[in-house]
Amino acid sequence: MEIRAEGLPARVRIHEVGPRDGLQNEKAVVPTEIKAEFIHRLAAAGLPVVEATSFVHPKWVPQLADAEALFPLLGDLDPHRLPVLVPNDRGLDRALALGARRIAVFASATESFARANLNRTVDEALAMFAPVVARAKDDDVHVRGYLSMCFGDPWEGPVPLAQVVHVCRALLDMGCDELSLGDTIGVATPGHVQRLLAALNEAGVPTSALGVHFHDTYGQALANTFAALQHGVTTVDASAGGLGGCPYAKSATGNLATEDLVWMLHGLGIDTGVDLGRLTATSTWMAKALGRPSPSRTLRALSPDSHKE
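Anyway, here's the lowdown on the structure attached to this text. (Residues numbered from 1 in each chain as written. Predicted model: local features only at pLDDT ≥ 70, side-chain atom pairs only at ≥ 80, totals over all residues. Heavy atoms only, no water.)

## Section: the overall build of the chain
Of the regular secondary structure elements, the chain holds 12 helices and 11 strands. Against the compact-globule benchmark of 19 Å for 309 residues, the chain has a radius of gyration of 18 Å, which places it among compact chains. Projected onto the principal axes, the alpha-carbon positions of the chain cover approximately 50 × 45 × 35 Å. For the chain, buried positions account for 55% of its 309 residues. Nonlocal contacts in the chain, meaning residues at least 24 apart in sequence, comprise 74% of its contacts between residues at least 6 apart. Summed over its atoms, the accessible surface of the chain is roughly 12,200 Å², and 54% of this surface lies on carbon and sulfur atoms. In the chain, the 27 positive side-chain charges and the 35 negative ones have mean positions that sit 3 Å from each other. (Helix = DSSP H or I, 4+ residues; strand = E, 2+ residues; numbered from the N terminus. Rg over C-alpha atoms; globule rule 2.2 N^0.38 Å. Buried < 20%, exposed > 50% of the residue type's maximum accessible area, 1.4 Å probe, protein only. Contact = heavy atoms within 4.5 Å. Areas by Shrake-Rupley, 256 points an atom, 1.4 Å probe, with all protein chains shown as cover. Lys, Arg positive; Asp, Glu negative; His and termini not counted. Charge placed at Lys NZ, Arg CZ, Asp CG, Glu CD.)

## With respect to the sheet that holds strand β11 (residues 235-238)
The strand order across the open sheet formed by nine strands is β2-β1-β11-β10-β9-β6-β5-β4-β3, and the pairing between neighbours is parallel. For this open sheet the edge positions go to β2 (49-50) and β3 (53-54), each flanked by a neighbour on one side alone. In this sheet, strand β5 (residues 102-108) lies alongside strand β4 (residues 84-85) in parallel orientation, the contact comprising two bridges. If you follow V84 over to β5, its bridge partner there is I103. (Pairing = 2+ DSSP bridges.)

## Thoughts on the environment of R144
Mapped onto the secondary structure, R144 falls in strand β6 (residues 142-148). R144 sits 40 residues away from T184 along the chain, and the two C-alpha atoms are 17 Å apart. Beyond its immediate stretch of four places on either side in the chain, R144 contacts R13, H15, I103, A104, V105, C176, E178, S180, T235 and D237. Polar side-chain contacts of R144 include one of 3.1 Å to the side chain of Y146. (Polar contact = N/O pair within 3.5 Å; in protein donor to acceptor, adjacent residues only side chain to side chain.)

## Examining the packing of aromatic side chains
Within the structure shown, the criterion is met by three aromatic pairs. Ring centres of F106 and F129 lie 6.3 Å apart, and the angle between their planes is 55°; this geometry places the pair in the tilted category. Taken as a pair, F106 in strand β5 and F129 in helix α6 (residues 122-138) lie far apart in primary sequence, 23 residues in all. In this structure F106 comes out as buried when scored by relative accessible area, which is 11%. For F129, a relative accessible area of 0% translates into the label buried. Centroid distance F151 to F214: 6.2 Å. Interplanar angle 40°. Geometry classified as tilted. Of this pair, F151 sits in the loop between β6 and β7 (152-153) while F214 is found in strand β10 (residues 210-214), placing the two residues 63 residues apart along the sequence. Just above the ring of Y146 sits the side chain of R20; from NZ or CZ to the centre is 5.4 Å. Over the face of the ring belonging to W285 we find R41, whose NZ or CZ atom lies 4.2 Å from the ring centre. (Phe/Tyr/Trp six-rings, centres within 6.5 Å; stacked < 30°, edge-to-face > 60°. Lys NZ or Arg CZ within 6 Å of the ring centre and 35° of its normal.)

## Focus: the pattern of salt bridges
Two side chains of opposite charge can pair, provided their charged atoms sit close to one another. A complete count under the given rule lists 16 salt bridges for this structure. A salt bridge links R41 to E37, with the shortest nitrogen-to-oxygen separation between them at 2.8 Å. With R41 and E37 both in helix α2 (residues 32-44), this residue pair falls four residues apart, about one helical turn. Taking the relative accessible area as the measure of exposure, R41 reaches 28% and is therefore partly exposed. Of the charged contacts, one joins E178 and R102 as a salt bridge, the two residues approaching to 3.2 Å between their closest N and O atoms. Of this pair, E178 sits in strand β9 (residues 178-183) while R102 sits in strand β5, and the two are 76 residues apart along the sequence. What makes E178 buried here is its relative accessible area of 6%. (Salt bridge = Lys/Arg side-chain N within 4 Å of Asp/Glu carboxyl O.)

## Considering the side chain of T272
On the secondary structure map, T272 appears in the loop between α10 (258-267) and α11 (276-290). Assessed through its relative accessible area of 1%, T272 is described here as buried. In terms of polar contacts, T272 uses its side chain to reach the side chain of H266, at 2.7 Å. Every residue in contact with T272, bar those within four places of it in the chain, is listed here: R11, V12, I14, G46, L265 and H266.

Purely geometric numbers; function is a separate question.
See the structure below:
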């Protein structure tokens, strides 16, 4: 049953991250052909944006070492629907050579995670991204800026709002089209979400430029998403079947499951363009391919066999 709540957006764009953020955290390397089929199935289910892969050095993320082999298998899909991560100029070169039209760079709100993830300080990472973003914009490529550790950090604890605002402002000022606020270790709560969004607005960052990326460590991902919707956010990251975590933050558990998000949004009468049945079938198929159950509660409810190995 659909029952609308006051003050929520009429439509939400789901930014699907399962093939990239989800699979990069798998212990086993998923065959390229399986990844390509996964992406095709997600696109066919109506996901408007499906993050395809990452052009990082294979040494750091071996699960995504097949980016050059994978992207050509997606040639029948609109490249504007297929963002890819790039860490530096070399990554951008590789992505552009294959026809990518949406890229993402990934920064940190904390020094500890910047060191762990990028082996740089926060400011050094921003300096590295600036020419990448500039080159991408010169080529009319859409750029997303990921910001990790927006709410809490496993080494530093709670992250000051001003620290997050500073890095967000820097990413926008260098030319990013949108930002994704990451609750990398899943410690955010709804009040914290709304306070951060308000602080960003006060610093001149428009809500229209913001997306949210919640992990479900403490079961707060949907509650936090609802808080963001109340503030006017209309872009939400999610991962089919709840795949993923973070290889550089061991306390980070899975992403918000796309099925759980779609169930809530459709129940609120919010349009997503996603066919929940096709999405559920896709995540069930992937869970079987991975040989393990999915943490998505909606997937288990709609496909009872999906939790069986």
